[in-house]
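# Coordinate analysis (summary)
Letter by letter, the chains look like this.
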Amino acid sequence: MKAFTFIHTSDLHLDLPIRGWKGSTEELLLRQREYRQTFERIIRLAKDRQVHFLLISGDFLEHQTIAWSTVKWIMDQFHQLPATRVFISPGKSDPWIKDSFYRTLDWPEHVHIFTDKWEELVFEEYSLRIIGKGKGENVSNVALPAWVTGPAEEERRMMITYGDVNEADLVPLELDYVALGQNHQRNVYQLDNTRNTVVCHPGSPEGISWKETGERTVTWGQFDSDGLTIEHLPIQTRRLERIEVDVTACKSIDEVLEKIVQSIPERKDREVCWCLKITGRRDPGLILHPDQVSQKLKERSFFHVEVQDQTTMGYNLDQLRSHGGLLGAYIRKMEKKIKEAAPEERMVLYRALEQGLDALLKEVKYL
Amino acid sequence: MKLDRLYVRGADHEKSREFRFSHGINLLELSDETDRRIFFQGLSALLYGVKNPLQKKGIYSQTGFVGGELDFTLENRSYRLVQSHHSNGEQPKLLDLESEKDLTDEFLLDGKEPCLLKKLTGYSPNHLITMSHVHSNPRLNNDEIVEKIRQLANRGEETNLDSVLKHLGNRMQRTSDFDSSLRSQYEKQKEEVSHLRERYQRLREDYVRLNQMKNDMDSLQRQRCRLTHRIERLQERLRKAEKVAFLQKKVDDVKNKLGKWKEIEEQIAQLERRKVEAMPPHRLTREEIDELREMMDKKNEPKEQVDAMKERLDSLSKKIEKWEEDQSAFLGVDESLLDTYCSRLEEYRRLEERLMPLASYNTMEDRVRGMQIEKDYHRLHELRQQDKKWREIREDLDRRVKKYRHQLEVLEREDFLTRMVAEESPPARSSSRWLWITWISFILSLFVIIPLPFLGLPGLVFAGISFYRYRHLSQVDAQVHQEWHERYQRLENDLAHIRQERRHIENHEGSLPDLHTLRDHLSETERERKEIKESMAAGMHEREVLLNRWNVKSGEDLAKAMDRYRQKLREREEARKADRENREHLKRIREEVESWAKDFCERLGPFHPETWLKELQRIRDEARNVQEKLQRMKLEAASLEKELARVIPEMENRKQRLIYWKERLGTDHLSQWSEWILANEEVQRLDDQLRILRLQSENEWEKEKRNRWESVLKKLQYRLDQKASEERESPERISTMLTSAKEELDGLDSKHQETKTAFMRLKEQLRTLRENFSSLAVQETLLFQIREEKKCLELEHRALETAKAVWSETANELREELSPQLAPYIIRWVEQVTNGRYTHFLVDPAKGIEVSVFVQDMGKRQPIERLSRGTLDQFYLAIKLALNNFYTTQGKDPLPVILHNSFVHFDDHQLRESFHILNNFALDHQLILCTDQTRERPILEEEEIDFTYYN
């Protein structure tokens with residue numbers, strides 16, 4: 001029984017529009033290139049390690065927005081791996097539907113794309129049976145193949161499919177490895193059956209949202225005489241990280257910047273895409289524009305910082321309220337409105353309170 | 001609250017100042033500008049904050065303020081506010097004077113410049129200024145003062161909420177501007193994304209179509225393969241079926257052949273039987289039969305023929321001899337000569353037609369007319385020359401007549417005017433007699449009036465009337481004389497003018513003769529002119545006669561007519577010459593023809609070319625007929641002779657052959673011969689048929705072949721049975737199926753080709769379509785980004801809008817709450833300050849916030865704009881006092897009132913009244929009157945009002 005190796009990845013979401021992007025167009029284009037670079041790194045890794053199989057279990061592409069040039073480029077990348085059999089299981093964002101490029105284009109010979117029906121492939125030299133299925137149109141529940149039954153001695157079994165399968169249904173199938181997608185966070189576990197089936201969500205290889213922070217990996221696996229061994233290899237081109245900085249005592253924008261820089265002391269971390277949440281009580285004299293902060297951080301060699309201003313008003317409302325007169329009346333009226341407003345309206349009213357106080361106290365110098 | 005002490009630290013070269021205040025009225029006479037500046041800088045900075053509204057409005061500048069101290073008492077506690085080194089940015093401090101405790105931290109406001117009094121008093125700097133600071137700004141005009149009064153009376157405090165609302169409005173405007181720009185950007189981006197989505201969708205759909213086409217092509221290819229295979233099988237089947245059909249045909253052929261042979265054998269036997277029956281006693285060959293038949297047909301023919309020919313030949317000989325004798329004249333005619341003379345006669349006839357009539361030879365009349373026209377032409381020319389001369393003479397005579405007439409006119413006018421001037425005399429004066437009558441009646445009246453007054457008086461009246469008449473007529477006389485004088489003057493002028501003209505004529509034309517001589521000259525010249533005119537008329541008449549004679553309109557036409565006559569004459573002469581030559585030529589032709597045709601002279605008659613020509617043509621035709629008939633007869637005779645020479649030996653030969661056949665057949669009965677011939681012919685026909693049939697069947701080789709064909713037939717039948725079991729269908733049926741399959745294949749090929757073309761076209765389109773695509777992912781991301789920005793901006797806008805609305809609402813509510821309470825205070829204080837002259841101060845929002853007051857002196861309400869500046873300042877002071885009074889009656893410590901030059905526009909009376917009011921006010925409040933004038937102090941003293949004086 002010959003040994004073989006594989007790399008398992010999923011959720012690359014190539015050509016996915018980035019929701020909430022707040023950087024410049026140039027940075028966006030660079031970031032889009034980085035998603036491609038990550039795929040190139042996966043191909044290079046597969047080539048370097050001479051893996052026999054490359055498994056992509058769902059959400060490889062973004063069906064609605066994928067450019068033809070990207071698909072062409074993907075094919076070119078696959079052509080660089082002639083010795084590796086590639087299995088793609090279409091997922092929710094790249095389903096096996098009528099106008100999918102999976103169906104309308106001629107993919108290289110060594111690339112197999114699973115349809116929305118269960119398929120079985122046998123590689124006798126490796127005593128390997130691969131079953132797989134892609135996500136089709138309007139198919140939500142995946143009925144597992146009934147023909148995979150019972151433990152078969154001397155046969156290795158792998159399943160490649162998108163994520164929506166029940167763990168309980170997998171148990172009786174006695175598979176060795178289940179390659180799943182859908183989940184952007186890595187999740188690997190074993191089933192309680194004879195073969196101790198390894199179920200693996202490799203997670204996205206490159207962070208797409210601020211939830212996908214830290215190191216991103218692909219799963220490398222080997223079947224040999226000792227059985228299955230897996231390893232998670234870092235693959236991302238650029239990390240996404242989140243950080244929270246309290247600016248309560250800061251009187252000026254420079255102080256805020258200084259505090260942020262202190263929070264990220266490592267210079268190499270400036271290459272990371274940061275989601276910076278500014279918290280605390282903002283000094284009334286401090287005018288904080290997220291774009292301005294982001295720009296100033298860029299001037300300090302940060303690649304990309306998305307600033308989320310979550311500071312609270314710097315005014316001491318209790319004290320201001322006690323002054324009576326117009327000021328007191330205004331604050332009381334606004335507080336009453338906030339109390340009575342629907343939750344989604346409250347943010348606007350808080351902002352209105354602050355704007356009104358700014359106008360009176362900063363512009364007119366009421367006090 | 002009471003201010004106790006103000007200490008202001010001096011700047012670089014200035015000494016420090018200290019001011020102390022007591023209860024009641026404090027009068028500060030600060031005539032020195034520096035003192036005043038330092039005082040107000042220090043007081044406003046410490047009391048209202050360094051960056052107070054007064055400083056912002058430019059009323060008190062804080063430039064140069066370095067620090068100071070303000071001691072004050074509030075609610076029975078003494079405090080000291082210390083501002084040290086303001087320029088260094090140090091913050092003020094608040095000390096409790098009794099405990100000397102630093103209270104600063106207790107009263108600091110978060111993130112704000114400390115205004116410690118705000119915390120202590122509960123009043124903002126704005127509020128403090130509104131209530132306690134009275135400053136009559138001389139730079140403000142009446143309208144501005146009215147506006148200030150209106151604001152104070154309306155709101156109660158000078159909180160400039162307008163600027164807050166304005167600021168919020170500006171920000172809203174900015175966000176709105178930005179939002180509209182962002183919206184347009186968003187729409188643009190949305191459009192771009194939508195367009196890209198469509199393009200992406202179309203690309204995917206096109207790829208689906210391309211894929212479908214590819215599948216169709218594959219399917220068609222598979223169908224084609226299947227069909228090709230079927231065609232091959234059908235072709236194979238067709239080959240087999242054709243082979244079967246071929247074998248069947250061969251079998252049928254062989255069977256047919258064998259049947260035919262059998263039939264021939266039967267026919268031969270039948271023919272043999274008929275031959276025996278038809279066999280004659282003598283067998284004849286075909287040639288012999290033909291000879292016998294011919295001989296039978298032409299047994300008596302040659303002899304009759306020879307006889308007829310000989311008879312005809314004799315007849316012809318006789319006919320020829322007789323014809324030659326009868327027609328010798330025509331037979332001797334030379335046809336070519338006859339043709340020549342016929343053509344000569346035709347020429348003769350043509351020339352004769354061209355001959356001119358002899359009458360036309362006479363040209364005398366034309367010559368005479370030619371000479372006449374030439375003569376007339378010369379005469380016309382002479383008349384023209386003559387007319388020209390006469391015209392010159394007439395013009396000369398015309399000039400002379402004109403000259404004489406002019407001279408005569410001048411002389412006659414001169415004579416007339418001379419006489420007129422000589423005869424002219426001035427008109428008589430008709431008034432002078434009335435003058436005499438006046439004088440006379442006056443003198444007479446003078447004489448009569450004494451003795452006879454009843455007569456004297458009328459006389460005097462008459463004298464008066466006469467004098468009046470004289471005056472009237474003297475004016476008329478003067479006018480008449482004036483007119484005469486003017487007329488006389490004009491006559492003299494005319495005479496001078498005419499004399500000048502005469503001199504002018506004499507200078508140019510010599511001295512003028514007298515009138516009679518001149519009249520004679522004129523009549524003589526006019527007579528000559530008349531004669532010339534008559535001559536010209538006669539000449540003209542003669543010219544017209546000449547032109548009419550030749551029916552022309554001018555001399556040029558006459559010259560042309562003359563040329564035409566000359567040309568005509570020349571042409572006639574030439575024609576006459578040619579005619580003479582023709583006549584001679586005709587004569588020659590006639591002589592020639594008459595000499596040749598003397599043989600036919602009887603028939604031709606007298607010479608007439610037309611008749612002769614026709615007759616000669618007839619003779620020619622007749623001669624030709626005669627000769628041809630003779631020729632025909634001769635030819636017939638020759639041919640008959642030749643035929644006789646041929647027929648006679650033939651007749652002899654036939655006779656010999658008849659003898660031979662009689663001997664051979666034993667009879668010369670032709671009917672017997674005929675029967676035998678028919679029998680022989682029947683036998684020969686049967687022989688022919690038998691020979692043919694035997695050729696087909698009775699050959700030994702053929703018999704063998706027949707045997708062979710039978711074996712072939714057996715083999716073929718065997719093979720046919722075998723093949724027929726393999727392919728039952730007929731070749732036609734298979735062929736139809738094959739054609740149908742081929743048509744189907746063609747259809748498939750065509751469909752395949754169409755699909756392939758469409759496939760290639762779509763592929764090419766896709767190649768073009770997929771080029772230069774923007775990334776939809778990038779564009780979608782940018783759209784999300786703009787949408788988020790837009791959302792934030794809208795949120796900001798809504799927040800600003802809410803803030804503005806809430807501010808307006810709050811201000812309105814406060815105003816509504818405050819104004820009714822404040823109004824009675826203002827009314828009371830205005831009445832007090834103006835000593836009851838102005839009552840019922842009213843702010844009327846219905847009339848555009850009109851502020852009016854009831855003026856007691858006038859007994860009616862007046863808008864405050866109509867009042868004097870001094871009164872307005874009084875109102876301003878009253879409202880400030882009212883405000884101060886209003887707030888301090890709310891339970892708070894009374895605030896001091898600082899009056900800065902507030903009485904500048906007050907007259908003494910107003911000032912006195914105001915001081916009395918202030919004296920009362922000072923019972924509860926501290927008053928600091930700061931002035932740069934000296935008039936306040938004496939008035940206070942005069943009015944016996946207590947005050948503390950500082951200078």
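Counting from 1, residues in each chain are numbered in the order their sequence is written. Going through the entries in the order they are written, you letter the chains from A and number the ligands from 1. In view of the model being predicted, local features appear only for residues whose pLDDT reaches at least 70, and side-chain atom pairs are presented and counted only at 80 or more, with totals across whole chains, interfaces and linings using the full set of residues. Only hydrogens and water are set aside when side-chain values are computed; all heavy atoms of the structure are taken into account.

Identification of chain A as DNA repair exonuclease SbcCD nuclease subunit from Melghirimyces algeriensis is taken from an unreviewed UniProt entry.

## Focus: the UniProt feature "domain: Calcineurin-like phosphoesterase" (unreviewed entry) in chain A
In the numbering used here, UniProt assigns the "domain: Calcineurin-like phosphoesterase" (unreviewed entry) feature to residues 5-134 of chain A. Secondary structure follows DSSP: runs of H or I at least 4 residues long count as helices, runs of E at least 2 residues long count as strands, and numbering of each begins at the N terminus. This span, residues 5-134 of chain A, is 31% helix and 22% strand, and a straight line between its end C-alpha atoms measures 22 Å. UniProt positions are given in the numbering used here, feature names are shortened, and annotations may be inferred rather than shown by experiment.

## Brief notes about the domain arrangement of chain A
Residues and elements named next belong to chain A. Domain boundaries in chain A define domain 1 (4-234) and domain 2 (240-363). Here the C-alpha centroids of domain 1 and domain 2 sit 43 Å apart. Once two parts are put together, the accessible area they lose, assessed with a 1.4 Å probe and summed over both, is termed the buried area. Buried area between domain 1 and domain 2, both sides added, is near 1,200 Å², and the carbon and sulfur share of it is 62%. Salt bridges are defined as contacts in which a side-chain nitrogen from Lys or Arg sits within 4 Å of a carboxyl oxygen from Asp or Glu. The tally of links between domain 1 and domain 2 comes to one salt bridge. Note that Glu-27 and Lys-298 form a salt bridge whose closest N and O atoms lie 2.8 Å from each other. Charged means Asp, Glu, Lys or Arg here, nonpolar means Ala, Val, Leu, Ile, Met, Phe, Trp, Tyr, Cys or Pro, and polar covers whatever is left, Gly included. A breakdown of the residues in the side of domain 1 that touches domain 2 according to their chemical character gives four nonpolar, seven polar and five charged. Residue ranges labeled as domains rest on an automatic or database domain assignment.

## Brief notes about the packing of aromatic side chains
Geometrically, a pair of aromatic rings is defined through the distance of the ring centres and the angle of the planes. When two rings of Phe, Tyr or Trp (its six-membered ring) have centres within 6.5 Å they constitute a pair, described as stacked for plane angles under 30 degrees, edge-to-face for angles over 60, and tilted for the intermediate range. Throughout the structure, instances matching the rule amount to 33 aromatic pairs over all chains. Measuring from ring centre to ring centre gives 5.6 Å for Phe-101 of chain A and Tyr-207 of chain B, while their planes differ by 80°; the resulting arrangement is edge-to-face. Of this pair, Phe-101 of chain A sits in helix α3 (residues 101-104) while Tyr-207 of chain B sits in helix α7 (residues 161-278), each in a different chain. Burial classification: accessible surface area is computed with a 1.4 Å probe over protein chains only, and a residue below 20% of its type maximum counts as buried, one above 50% as exposed, and the rest as partly exposed. For Tyr-207 of chain B, a relative accessible area of 3% gives the class buried. Taken together, the ring pairs connect Phe-4, Phe-53, Phe-87, Phe-114, Phe-123, Tyr-126 and Phe-223 of chain A into an aromatic cluster.

## Here's the deal with the interface of chain A and chain B
Taken residue by residue, the interface counts 52 residues in chain A and 50 residues in chain B. The interface formed by chain A and chain B contains five salt bridges. For Arg-798 of chain B, the salt bridge goes to Glu-345 of chain A, with nearest N and O atoms at 2.1 Å. Side-chain atoms alone can form a polar contact between residues adjacent in sequence; in general such a contact is a pair of N or O atoms within 3.5 Å, and within protein one must be able to donate a hydrogen while the other accepts it. Linking chain A to chain B there are 14 residue pairs in polar contact (both at pLDDT 80 or more). Elements that contribute at least two residues to the side of chain A that touches chain B include exactly α1 (25-48), α3, α8 (325-340) and α9 (343-363) of chain A. Among the elements that make up the side of chain A that touches chain B, the one with the highest residue count is α9 of chain A (twelve residues). Here the side of chain A that touches chain B is built from residues that sort into 26 nonpolar, 13 polar and 13 charged. A contact between two residues is defined here by any heavy atoms of the two lying within 4.5 Å.

## Some details on the nonpolar core
In these notes, a set of buried Ala, Val, Leu, Ile, Met, Phe, Trp, Tyr and Cys residues joined through side-chain atoms within 4.5 Å is what counts as a nonpolar core. Counting residues in each nonpolar core, the largest one holds 80 residues, and the members touching the most others are Leu-3, Phe-39, Phe-72, Phe-841, Ile-864 and Phe-875 of chain B. Looking at which element gives the most residues to this core, the answer is helix α23 (residues 869-888) of chain B, with eleven residues. Counting 62 residues, the second largest nonpolar core, distinct from the first, contains Ile-66 and Val-111 of chain A together with Leu-783 and Leu-793 of chain B.

## Regarding the sheet that holds strand β5 (residues 77-83) of chain B
All names here are of chain B. Strand order in the open sheet formed by six strands is β2-β1-β4-β5-β6-β7, and the pairing between neighbours is antiparallel. On the outer flanks of this sheet lie β2 (17-20) and β7 (101-102), each paired with one strand and no other. Of the pairings in the sheet, the one linking strand β1 (residues 2-8) to strand β4 (residues 68-74) comprises six bridges and is antiparallel in character. Each residue of the ladder has a partner; that of Leu-3, found in β4, is Phe-72. Here an angle of 0 to 180 degrees is reported between the N-to-C directions of two axes, which are lines fitted to C-alpha atoms, with helices fitted over the stretch in contact. Against the sheet, helix α1 (residues 33-48) touches β1, β2, β4 and β5, its axis set at about 120° to β1. Pairing between strands is defined by DSSP: at least two bridges between them are needed.

## Topic: the UniProt feature "transmembrane region" (unreviewed entry) in chain B
The sites that UniProt annotates as "transmembrane region" (unreviewed entry) are residues 434-465 of chain B. Counting secondary structure, residues 434-465 of chain B comes out at 91% helix and 0% strand; the distance between its end C-alpha atoms is 10 Å.

## Some details on the state of the cysteines
Residue and element names in this part refer to chain A. Here, a disulfide means two cysteine sulfur atoms that sit within 2.5 Å of each other. Per the stated rule, a full pass over the model turns up zero disulfides over all chains. There is no disulfide at Cys-250, and the cysteine sulfur nearest it, in Cys-275, is 18 Å away. Exposure remark for Cys-250: the relative accessible area of 4% places this residue in the buried category.

## Description of the domain arrangement of chain B
Partitioning chain B into domains gives domain 1 (173-278 + 698-752) and domain 2 (364-546). Each of domain 1 of chain B and domain 2 of chain B was reduced to a C-alpha centroid, and the two centroids are 139 Å apart.

## Quick look at the UniProt feature "coiled-coil region" (unreviewed entry) in chain B
Residue and element names in this part refer to chain B. Per the UniProt record, "coiled-coil region" (unreviewed entry) is annotated on residues 183-223, 380-414, 481-582, 613-643 and 738-817. Taken end to end, residues 183-223 is 100% helix and 0% strand, and its two terminal C-alpha atoms sit 58 Å from one another. Along residues 380-414, the helical share is 100% and the strand share 0%, with 50 Å between the first and last C-alpha atoms.

## A look at the environment of Glu-98 of chain B
Residue and element names in this part refer to chain B. Note on placement: Glu-98 falls in the loop between β6 (93-96) and β7. On a C-alpha basis, the gap between Glu-98 and Arg-80 in space is 9.8 Å, while along the polypeptide they are 18 residues apart. Discounting residues that sit within four places of it in the chain, Glu-98 has contacts with Asn-76 and Ser-78.

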